[in-house]
Amino acid sequence: LTGGVNFFQLFTQYILITTLPLCIIDEFHGSELEAGLAMTFFQIGTSVFRPVAGYLVDEKHKRRLLLGSLVLFFLVRRFNAADCVEALYGLRLVHGIVFALATTTAASIAVLVIPPSRRGEGIGYFSVTTNMAMVVGAAGRAAVIPDAPHIWLVSGPRSPGRSDSRRGLGHFPAVKGGAAIAICL
């Protein structure tokens, strides 16, 4: 479970690194600076919250933290709720905070469940989830759906009653069933 959560969190991060800046530039008609700022807000959230996440891991029930961070991750992933670049900045900041909590908790649990005599080997296997997420996530857009608009990758299912005329990530092409392809989110 811990390796899977780690892989999933990192996979989505790496696919967003390759996709979200293009969405900001193409869908929001944003600048390269605005695209970079969206990525920076994630890093700020992650960096600032990671020490807090470490404290929480030490003081609280680790399994609940891991599962809670996964639930929060699914709530934060709604990039199609953003109708302006500034809203994306806020989502990315919160996404970074949730990411910090999930990855710190996952790594802490991995260390605790690996027998001391095999800790080096176990951490090596756990680290493979990070490497595999980077490889699969970064190449995911090109390999899995090369012709799909990048907006499909970050928007997720359409909210009921949503109008396609709204500017931003809520504006994406309809596909069968009125949903968009949400490959990793």
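Residues numbered from 1 in each chain as written. Predicted model: local features only at pLDDT ≥ 70, side-chain atom pairs only at ≥ 80, totals over all residues. Heavy atoms only, no water.

**What to know about the overall build of the protein chain**
Line of reasoning, step 1. If you tally the helices and strands in the protein chain, you get six helices and zero strands.
Line of reasoning, step 2. Counting the 185 residues in the protein chain, one finds 43% classified as buried.
Line of reasoning, step 3. Sequence separation of 24 or more characterises 74% of the internal contacts of the protein chain that already satisfy a separation of 6 or more.
Line of reasoning, step 4. With an accessible surface of roughly 9100 Å², the protein chain has 67% of that area assigned to carbon and sulfur atoms. (Helix = DSSP H or I, 4+ residues; strand = E, 2+ residues; numbered from the N terminus. Buried < 20%, exposed > 50% of the residue type's maximum accessible area, 1.4 Å probe, protein only. Contact = heavy atoms within 4.5 Å. Areas by Shrake-Rupley, 256 points an atom, 1.4 Å probe, with all protein chains shown as cover.)

**Some remarks on helix H2 (residues 32–59)**
For an α-helix, the turn length of 3.6 residues means that residues three or four places apart are oriented alike.
Line of reasoning, step 1. End to end, H2 covers 41 Å across 28 residues, agreeing with the expected 40 Å (1.5 Å per residue, within 8%).
Line of reasoning, step 2. For H2, the principal kink sits at arginine 50 and spans about 40°; a proline, proline 51, occurs within the next four residues.
Line of reasoning, step 3. Of the residues making up H2, those classed as buried are Ala35, Ala38, Met39, Phe42, Gly45, Thr46, Phe49, Ala53 and Val57.
Line of reasoning, step 4. The elements touched by buried residues of H2 are helix H1 (2–27), helix H3 (62–76) and helix H4 (85–113). (Expected span 1.5 Å × (residues − 1). Bend = angle between axes of the 7 residues up to and from the residue.)

**Some points on the pattern of salt bridges**
Line of reasoning, step 1. As enumerated under the stated definition, the model contains one salt bridge in all.
Line of reasoning, step 2. The shortest N-O distance in the salt bridge between glutamate 121 and arginine 118 comes to 2.8 Å.
Line of reasoning, step 3. Look at glutamate 121 and you get partly exposed, because its relative accessible area is 37%.
Line of reasoning, step 4. Judged by relative accessible area, arginine 118 falls into the partly exposed class, the value being 46%. (Salt bridge = Lys/Arg side-chain N within 4 Å of Asp/Glu carboxyl O.)

**Quick word on the nonpolar core**
Line of reasoning, step 1. Ranked by internal contacts, the top residues of the largest apolar core, which has 13 residues, are Leu20, Ile24, Phe28, Val85 and Leu88.
Line of reasoning, step 2. At the level of elements, H1, H2 and H4 are the ones that each hand at least two residues to this core. (Core = buried A, V, L, I, M, F, W, Y, C linked by side-chain atoms within 4.5 Å.)

**Comments concerning the confidence of the model for the protein chain**
Line of reasoning, step 1. Across the protein chain, the average pLDDT comes to 75, with 73% of residues at 70 or higher.
Line of reasoning, step 2. Across the protein chain, H2 holds the top mean pLDDT of 93, while helix H6 (residues 150–155) sits lowest at 48.
Line of reasoning, step 3. Per-residue pLDDT stays below 50 along residues 150–185; that stretch engages in 99 contacts with residues further than four places along the chain or on separate chains. (pLDDT = per-residue confidence, 0-100.)

**Some words on the packing of aromatic side chains**
Line of reasoning, step 1. Inspection of the entire model under this criterion finds three aromatic pairs.
Line of reasoning, step 2. Ring centres 5.7 Å apart and planes at 15° place the aromatic pair phenylalanine 7 and phenylalanine 11 in the stacked group. Residue phenylalanine 7 and its partner phenylalanine 11 are located together in helix H1, separated by four residues, close to a single helical turn.
Line of reasoning, step 3. Using a relative accessible area of 28% as the deciding quantity, one classes phenylalanine 7 as partly exposed.
Line of reasoning, step 4. On the accessibility criterion, phenylalanine 11 (12% relative accessible area) is buried. (Phe/Tyr/Trp six-rings, centres within 6.5 Å; stacked < 30°, edge-to-face > 60°.)

**Notes on the environment of phenylalanine 42**
Line of reasoning, step 1. Position of phenylalanine 42 relative to the elements: it lies in helix H2.
Line of reasoning, step 2. Residues contacting phenylalanine 42, with those up to four places away along its chain left out, are Gln13, Arg92, Leu93, His95, Gly96 and Phe99.

**A look at the environment of glutamine 43**
Line of reasoning, step 1. Tracing the backbone shows glutamine 43 in helix H2.
Line of reasoning, step 2. Its relative accessible area of 41% is what places glutamine 43 among the partly exposed residues.
Line of reasoning, step 3. Each C-alpha atom of the pair glutamine 43 and phenylalanine 99 lies 9.8 Å from the other, and the pair is 56 residues apart in sequence.

**Re the environment of serine 69**
Line of reasoning, step 1. Summarising the element assignment, serine 69 is placed in helix H3.
Line of reasoning, step 2. Serine 69 sits in the buried class, given a relative accessible area of 1%.
Line of reasoning, step 3. Distance from serine 69 to threonine 105, taken between C-alpha atoms, is 8.9 Å for residues 36 residues apart in sequence.
Line of reasoning, step 4. Not counting the four nearest positions on each side in its chain, serine 69 is found in contact with Val98, Leu101 and Ala102.
Line of reasoning, step 5. Within polar-contact distance, the side chain of serine 69 engages the backbone oxygen of leucine 66 at 2.8 Å. (Polar contact = N/O pair within 3.5 Å; in protein donor to acceptor, adjacent residues only side chain to side chain.)

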